Amino acid sequence: MDTRSKYVMVALFSALVVAFESVSIEGALNIADIDLFLVSSVPSIIGGLILMGIYPKRTVAFTRNLGRRGWFTMLALCVFAAVGVILWFDAVSRIGASKEALLGGGSSEVLFVVILSAAFLSERLTRLEGIGSVLVVVGVFVVLVNIESVGLTIGAGEVEAIVSSLMLGSSVVMATSLLKTHDLTPLSGVELLLSGILVVVIGAAAGMIVLPEPSAWMILILLGLFPAVGLLTYNAPLPKIGASLTSVLFALNGIMTVGVQLLVLSVVPDADIMLPKNVLLAVLGGAIAFAGVYLLNKRVERQKAKLGPRLT
């Protein structure tokens, strides 16, 4: 397996990890009454501490070597990520998870990353990659669309979903820029830690954080394993195959989440989980999307894999 194919698989694994994270968070919210700000911040902080603790000396070196410009980019990246996450959760509460996924990660975020990558990173998709990307986005749309509830109205929730995608897409492009010259694991750890702290600060300033029961803190700590692995495996392919392809592959997270939900329901039939209403469309959309992945993973002989940071 060539370098490019390996990192395509890493991006897909990242989407799978976040799919398990989404279902776990859904379960945690149903089992314990946990504030959404805490769910989106505490696991991020824990995950950041885990990654920073793996290589403490390299983390210290990373913070020293960033420089003024690097720290400005890192802080801007974390602000974009924190605001994006807050808007994402609020959009879900207003318009529902399926419609938010259609407007956000499954479509507009991919579009924003592709445009921003072309403008700031000089990335260009080949014709084959373009066709594969379109198939992935169409497949995700077919899986998540609910014809009865998705209309053409534009309200606060729809605007939040699109702005959230712009914020998160901007953070992805900034992370790609930093990863070209900085180490993967320390950067990912600092990104998680600072983003999580910013979400807490914003939530506390708005007076919207409600402390949970003591038992819920253990759930939040355990959830920290997901962002640690998820962001590490998302960031790793960015300098290898580009931000554009990585974001397209990660859009499959919506389809993988449905798969994880089905897995959970097969083990716990009474679990409080919302599946797509049309399973046939979900299967069809999955087939279309993974046909797109095949095209994205198809080796192009003229293309050479570029070297990036160590996957450590």
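On to the nonpolar core, then. Counting 45 residues, the largest nonpolar core has L12, M74, V136, L238, L249 and L252 as its most contacted members. Among the elements that make up this core, the one with the highest residue count is helix α1 (residues 3-31) (8 residues). Not counting residues within four places of it along the chain, the set of residues in contact with L252 comprises L12, V136, V140, A289, F290 and V293. In terms of nonpolar packing, the next biggest core, distinct from the first, is built from 8 residues, I25, I34, A216 and L220 among them.

Using the criterion set out here, one finds 1 aromatic pair in the structure. Measuring from ring centre to ring centre gives 5.0 Å for Y234 and F250, while their planes differ by 80°; the resulting arrangement is edge-to-face. Of this pair, Y234 sits in helix α10 (residues 225-235) while F250 sits in helix α12 (residues 243-250); the two residues are 16 residues apart in sequence, bridging distant segments of the chain. The class for Y234 is buried, based on a relative accessible area of 8%.

On to α12. Given 3.6 residues per turn, any residue in an α-helix points the same way as the ones three and four places further on. Of all 8 residues in α12, 7 are buried, a share of seventy percent or more. Buried within α12 we find A243, S244, L245, T246, S247, V248 and L249.

A few words on the side chain of S170. Examined against the element boundaries, S170 turns out to sit in helix α7 (residues 156-179). One polar contact links the side chain of S170 to the main-chain carbonyl oxygen of L166, over a distance of 2.8 Å.

The next subject is the packing of helix α2 (residues 36-54) against α10. Two measures define how a pair of helices packs: the angle their axes make with one another and the distance between the axes. Interaxial distance between α2 and α10 falls to 7 Å at its minimum, and their mutual angle equals 65°. Between α2 and α10 the crossing geometry is right-handed. In this structure, α2 contributes P43, S44, G47, I50 and L51 to the contact, and α10 contributes L225, P227, A228 and L232.

Attention now moves to unusual backbone geometry. In the Ramachandran plot, S122 falls in the positive-phi region, its phi being about 60° despite a non-glycine side chain. Along the chain, S122 falls in the loop between α5 (97-120) and α6 (127-144). When its relative accessible area of 60% is taken as the criterion, S122 is described as exposed.

What counts, and where the lines are drawn
Residues numbered from 1 in each chain as written. Predicted model: local features only at pLDDT ≥ 70, side-chain atom pairs only at ≥ 80, totals over all residues. Heavy atoms only, no water. Core = buried A, V, L, I, M, F, W, Y, C linked by side-chain atoms within 4.5 Å. Buried < 20%, exposed > 50% of the residue type's maximum accessible area, 1.4 Å probe, protein only. Helix = DSSP H or I, 4+ residues; strand = E, 2+ residues; numbered from the N terminus. Contact = heavy atoms within 4.5 Å. Phe/Tyr/Trp six-rings, centres within 6.5 Å; stacked < 30°, edge-to-face > 60°. Polar contact = N/O pair within 3.5 Å; in protein donor to acceptor, adjacent residues only side chain to side chain. Axes fitted to C-alpha atoms, helices over the stretch in contact; angles between N-to-C directions. Left-handed = near helix turned anticlockwise from the far one by under 90°.

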